[in-house]
Each structure stands twice: as structure tokens, then as C-alpha cells.
Amino acid sequence: MNELDKQISMLDSINKRLVKDSKILKLICDTSNSAFLYYNFEEDSVQTIANWDYFFDFKITEHKDFYKFYDCVEEKYTSPLRETLYIEKRGLKSSTIDVKMKGSRMWLEVESDIIYDDDMHPVEKIIRFKDVTKFNSQNDELTYMAYYDLLTGLYNRNYFVRLLGEFVNRAKENDKKVAVMFLDLDDFRKMNDSLGIIVGDEIVQIFGQFLSELACENVIVSHFSSDLYCIGIYDPCGDFSVDAICRKIFKRSEKPYKLSSGRNLTLTVSIGVAEYPEASTTALELINCAEIVMIGAKTNGKGRVQYFDGSILEEFLKNSKIDNKLKEVDFSQNFVMYFQPQFHTTDKMLRGVEALIRWKDESGKMIRPDVFIPIAEKNGTIVPIGTWIMEESIRIYAGWKQKYHYPMLLSLNVSAIQYKQPDFIDNLINILDKYGVSPCEIELEITESILIDDFKEIIEKLAVLRNKGIKISLDDFGTGYSSLSYLKGLPIDTLKIDKTFIDTVITDENTRIITESIIYMVKRLGLETIAEGVETQEQFDFLNAIDCDNIQGYYLGKPMPPEGIEELIEKVHG
Ligand code: G
Ligand code: G
Ligand code: MN
């Protein structure tokens, strides 16, 4: 083989190796899911390699074409991208950045590497473009979840608290106000229970959608959980005052919302409002205060707004103490029964006694029933407390009966929740049996609030009780929805005219006329009447004159411990 042949053969084998190498290189490039830009400094030449078309719809043939990149990424990334693509010889460095493509969800990782010669002059630069959309969008989602509530797309609680904190700081600096509105959908639980949680979620969403329309630079809207939303307003005024926003919300409540099933639904909402700096100076406390007064708005009849004031917070704190105490109270240690006598008006003979609970806490302080009974009704302790009251009162009553054989009634106050327990009647009958007391000796005092819901079921229960001989008395008449016309249909025996009437029956002409006609009509319906809170001789005389059957009040007897009643019986008996 001559020299030439040898060289040709060598070149050939080098060539084959090169072809093989470049095939391998191409394979690697093609399967790398990346695109490459190769720049040669000496030649000022540029070349694109591998999956270029997957990423870009333009070609790069000379380095001036680089400007085309800047158009296809979102604006905030053009400047870092420029640095990565930089090819001036001074100040070069390798770098990696992520850029987001304009008008698409695509994320690119752009990585540059520089190759230097022995004298540390740059010779070549390789830029790799890689699709990192999947990774980045997962990241996006995590970021999203950190700030937004997935169900409604509104800010979540945590992020809202942070933004509200920023509002408060800004307000401190600029001497402005910040208002927090805490919103709770009315009767959401009922809707959730009756329509199902999927519809419940839809309700949460459509109301959230409506609220989101109220958001703007100084108004932030958040969904906390379930049916709770919160709105924060920086510098509330004009169209963005609390009043204006409440008006929008209440106005929207007048029209029904359309659900996907086609069903129309009217949503009302209760709102509590607290403002920086009056209610508090921190975001979290403002939210708490707004929530507390929202609960007030609910108990005052829903679909309304309640503004924070200091006394509401004080009462709340006091109540939450009582709430906790009630859950731990030792009934027989701390509760005692008092009894207030009721008298026949005509002869002032004892008609019966009303059992009234008294609570003396560990420190000996009295806690009034009109304070703790409503709390016990809310936290459910009224059920065991009510049972204890029935048994304790009936036990004491049975003792008097044995001792004096004096015919009189025992009136028991029954709370709606207690009354609704399925075993309420059985329980009562069992206690009566245990102490040998007849149902005819018992009168249950119910309030109109019992009659608000499940009317039919309640009426049926009343009828069962009356069939057993137990009397039913309607307490506090005149304070609720009382209308004489609905009394006709009620299975009751006795009507107690509320103290608020008696208070002004002497001084106020109208009250006198109303009281007189109530008694006249009620007696015509065959019901017995009792006037409550009678404190003076004048009141007594007037009630006597208009034929009110019975009198209860300080004038003839305050609530007293059992021994007081014994003295009374001995007096009338003897
Ligand atoms: O007892 P007082 O005298 O302070 O009564 C205040 C309120 O508490 C009244 O409205 C009365 O109905 C209620 N209350 C008092 N004792 C009882 C009771 O034994 N059971 C229930 N449910 N309420 C009571
Ligand atoms: O259950 P009811 O709301 O009816 O409770 C009766 C309440 O009225 C109890 O709190 C009892 O102490 C109170 N009370 C009864 N008679 C009088 C009275 O003559 N004057 C006043 N101020 N309160 C009375
Ligand atoms: Mn009563």
C-alpha cells in the first residue's frame, strides 16, 4: 500500500468513525427533548441543533436573529434571557434560567455553557433549551394552592390574613381605616343536608363568584371554609364603603341564584363588621371580632348586618366562659331549684308554683338563668340540665304532696331543644312514675320559639302530652310572634301574659286596652290566664277587674327556695 492509499484508508476510517459519532450525537440530541444553539466566536457563526422546531417557529442563522427570542417570551423574562444568550467576549458566564413563553403555558429552561481555549478566550458557546412546563406548572399549582381556595378561586384564609395585614400596615402609615366583613350564608346546613353536598359546593361557588365581582384594588375577597367568606376593605368610602357593599350583597339576595340543575335558590347572608382601628389593630383579631358580631347578626334574625362594638365582645367573652363552665358544672352541687308561687286572683289562694333554676358557681356568684339557659341551649347542655330540673322539681313537689296533700300545680319551663328530644315524653312520664306524681299535676311552660319549626311534629307531641293529662302553658305571650288568631289552633290550656304588658298596664292607655282584650279573647277560647311580673297593688286590682284568672309576681311572692313554699302552704292550709 502506497502512502496515498494509506492516508485514504485512514481518512476513510476516521470518516466512518465521525459519521458514527455524529449519528450517535444526533440520536442523543434528538432524544434529549432539547434544542441547542451553537455559537462559534471566531467565525461569529450560529447553528441550531436537534428539536428546534418543537420550541420555535423561527430560524436563527446569524447572531442578529437573537432578537427573535425576546418576542416569544413573557416580558419580564427578556432581560435575564438576554444575559443568557449574551455573546460579547467580555463578561461572559455560564447560566441557567427558566422563562415562560408568551401566550402559552410553556416553560423553557435555558442553559448556557462556554468553551474556552488554553488562553481562556471564549471559543464556543452552547445554549440548551429544555421544556420544563410540567415541572413548572406543578409548581404553579402549588403556588396557586398556597394563595387561592380551589372551590371558589377566591383568596384562601391564610393569604387573606396576610393581605389584610398589609392593609392594616398601610392604614397605620396613612391614617386610614380598614374594614373586615365576615359573611355566613343563612341556613346553609339545611340546604346542604337537604340538597346534598354537591349542591352545597355549587352554592358556595356561585355565591363566591358573586362576591368575586366586588373585588378591586382596595377590596379583597376570601373564602374561608364551608359557607364562610371574608371581605377586607382598605380605606372604606364611597362605592367601597361597608354600607355600599352590604347594599350590593343584600340587593343580590333579593333575586334567586340559578343552579346547574335548573333549580332556583334564594341565598341570604348574615354579616359581621369590625374596623381597624376601633375593634382591633391586628388582622387576625379584626377577623375574630367580625365573626363574633356576625353570630350576633344571625341570632338577631339572619339576612342582616351587625357592626362591632365593645360591649358585644365583652358579652361574647363572658358567654364563652359560661359555655365552658356549663360543660363541667356539677348539677347537684351548683344548681338549686327555686319556686315562685302563682295565685288565683279572686281569693289569692295558691294555684301552683313555677320551678325556676338557680346556679351558684364555685365562688358563690349567682349566674342568672336568662344568661346561661340560652348558652346551654346553644351548646346542648340544656338537655341533661333540663332532665335534672324535671327530676329535682318533681322530687321536691312529691315531698310537699305527701306532707300537705295540698292540691296545686307544678309548672316546668321546657326549652325547645329539650322538648324536641325523641325521648322527652318517656323521660317525663318515667320521672312522674318514680315519684308517684300524676300527669294532671304538671304544667309545661313552652315559648313560642318552640313552634317556629317542625310545627306539625310539635303539635302532635303537645297533643300526646295533653292526652296524658299534662297541661300546656304558653309562656311570655306578647313578646314573640304572638297573634291571637293562631292561638285558636294550638293545643294549649294556659296563657301567660308577659311582664312587659304588666309593667305599663297602669301607665299606658294602649297597653291597658290591649291587655284587656287579650284576656277577654283568650278566656273566650277557653284558656286560663296568668299575669306575670305583677309587682303592685294597682296592677293586681286592675287585673282582678278585667278577670285575669291568676297572678304571679313579686307583689304576692318572689321565687324562693322550697322552704319558703312550705311556709306558704302552711299559711293557706292552716
Ligand atoms: O328565673 P328567672 O327568674 O331569672 O328566669 C329567667 C328566665 O330563665 C326565664 O325566661 C325562665 O323561663 C328561664 N328559666 C328559669 N328557670 C328555667 C328552667 O328551669 N328551665 C328553662 N328551660 N328555663 C328556665
Ligand atoms: O319563665 P319566665 O320567663 O316566665 O320567667 C319568669 C321570670 O320573671 C323569672 O326570671 C322571675 O324571676 C321573673 N319574675 C317573676 N315575677 C316577677 C316580678 O314581679 N318582677 C320582676 N322584675 N321579675 C319577676
Ligand atoms: Mn316561665
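Since this is a predicted model, take the numbers as computed values, not measurements. (Residues numbered from 1 in each chain as written. Chains lettered and ligands numbered in written order. Predicted model: local features only at pLDDT ≥ 70, side-chain atom pairs only at ≥ 80, totals over all residues. Heavy atoms only, no water.)

## Some details on the sheet that holds strand S11 (residues 269–276)
Spelled out, the test is: Paired strands, as defined in this entry, are two strands with at least two bridges between them according to DSSP. The helix count covers DSSP runs of H or I at least four residues long, the strand count covers runs of E at least two residues long, and both are numbered beginning at the N terminus. In this analysis an axis means a line fitted to C-alpha atoms, helices contributing only their contacting stretch, and an angle means the value between N-to-C directions, from 0 to 180 degrees. The contact definition used throughout considers only heavy atoms, calling two residues in contact when any of these lie within 4.5 Å.
What the five strands build is an open sheet, ordered S7-S8-S6-S11-S12; its pairing is mixed. Strands with a single pairing partner mark the edges of an open sheet, and in this sheet they are strand S7 (219–225) and strand S12 (305–307). Each adjacent strand pair in this sheet contributes to an overall mean axis angle of 20°, direction not counted. For strand S6 (residues 178–185) and strand S8 (residues 228–234), the ladder comprises seven bridges, and the chain directions are antiparallel. Bridge assignment links Leu-183 to a residue of S8, and that residue is Tyr-229. Most of the contacts of helix H8 (residues 197–212) go to S8, to which it runs at about 10°, and overall it touches S6, S7, S8 and S11.

## Re the nonpolar core
Heads up, the rule is: By convention a nonpolar core is built from buried Ala, Val, Leu, Ile, Met, Phe, Trp, Tyr and Cys residues, the set being connected through side-chain atoms within 4.5 Å. Any residue under 20% of the maximum accessible area for its type is buried, any over 50% is exposed, and the rest in between are partly exposed; the area is computed with a 1.4 Å probe on protein chains only.
The biggest cluster of nonpolar side chains holds 80 residues, and the ones touching the most others in it are Phe-335, Trp-400 and Leu-444. Take this core: its biggest share by element is eleven residues, from helix H14 (residues 382–404). Leave out the neighbours within four places in its chain, and Trp-400 touches Phe-339, Val-353, His-405, Met-408, Pro-562, Ile-565, Glu-566 and Ile-569. One finds Trp-52, Phe-55, Tyr-77 and Val-132 within the second-largest nonpolar core, a separate group that totals 31 residues.

## Quick look at the coordination of the manganese ion (ligand 3)
What counts is decided by this rule: A 2.8 Å cut-off from the metal defines N, O and S donors, relaxed to 3.2 Å for Na, K and Ca; water is not in the atom list, so some sites may appear incomplete.
Coordination sphere of the manganese ion (ligand 3), protein contribution only: Glu-354 (OE), Asn-413 (OD1), Glu-445 (OE) and Asp-475 (OD), at 2.0 to 2.4 Å. With a relative accessible area of 4%, Glu-354 lands in the buried category. Owing to a relative accessible area of 1%, Glu-445 belongs among the buried residues under this scheme.

## A few points about the pairing of strand S1 (residues 34–40)
The buried fraction of S1 amounts to seven of the seven residues, a majority that puts the element mostly inside the structure. Judged by which residues are buried, S1 turns out to be covered on both faces: Ser-34, Phe-36, Tyr-38 and Asn-40 on one side and Ala-35, Leu-37 and Tyr-39 on the other are all buried. Direction of pairing for S1 relative to strand S5 (residues 122–131): antiparallel, over a ladder of seven bridges. Each residue of the ladder has a partner; that of Ser-34, found in S5, is Lys-130.

## A word on the pattern of salt bridges
As a reminder, the rule being used: By definition, a salt bridge exists where a carboxyl oxygen of Asp or Glu is found within 4 Å of a side-chain nitrogen of Lys or Arg.
If you walk through the whole model with that rule in mind, you get 28 salt bridges. Residue Glu-278 is joined to Lys-177 by a salt bridge in which the shortest nitrogen-to-oxygen separation is 2.9 Å. Of this pair, Glu-278 sits in the loop between S11 and helix H10 (283–299) while Lys-177 is found in the loop between helix H6 (157–174) and S6, placing the two residues 101 residues apart along the sequence. Using a relative accessible area of 53% as the deciding quantity, one classes Glu-278 as exposed. Among the residues examined, Lys-177 registers a relative accessible area of 34% and is labelled partly exposed. Lys-499 is the salt-bridge partner of Asp-503, the closest N and O atoms lying 3.2 Å from each other. Residue Asp-503 and its partner Lys-499 are both found in helix H19 (residues 499–504); the two are separated by four residues, about one turn of the helix. Taking relative accessible area as the criterion, Asp-503 reaches 36% and is therefore assigned partly exposed.

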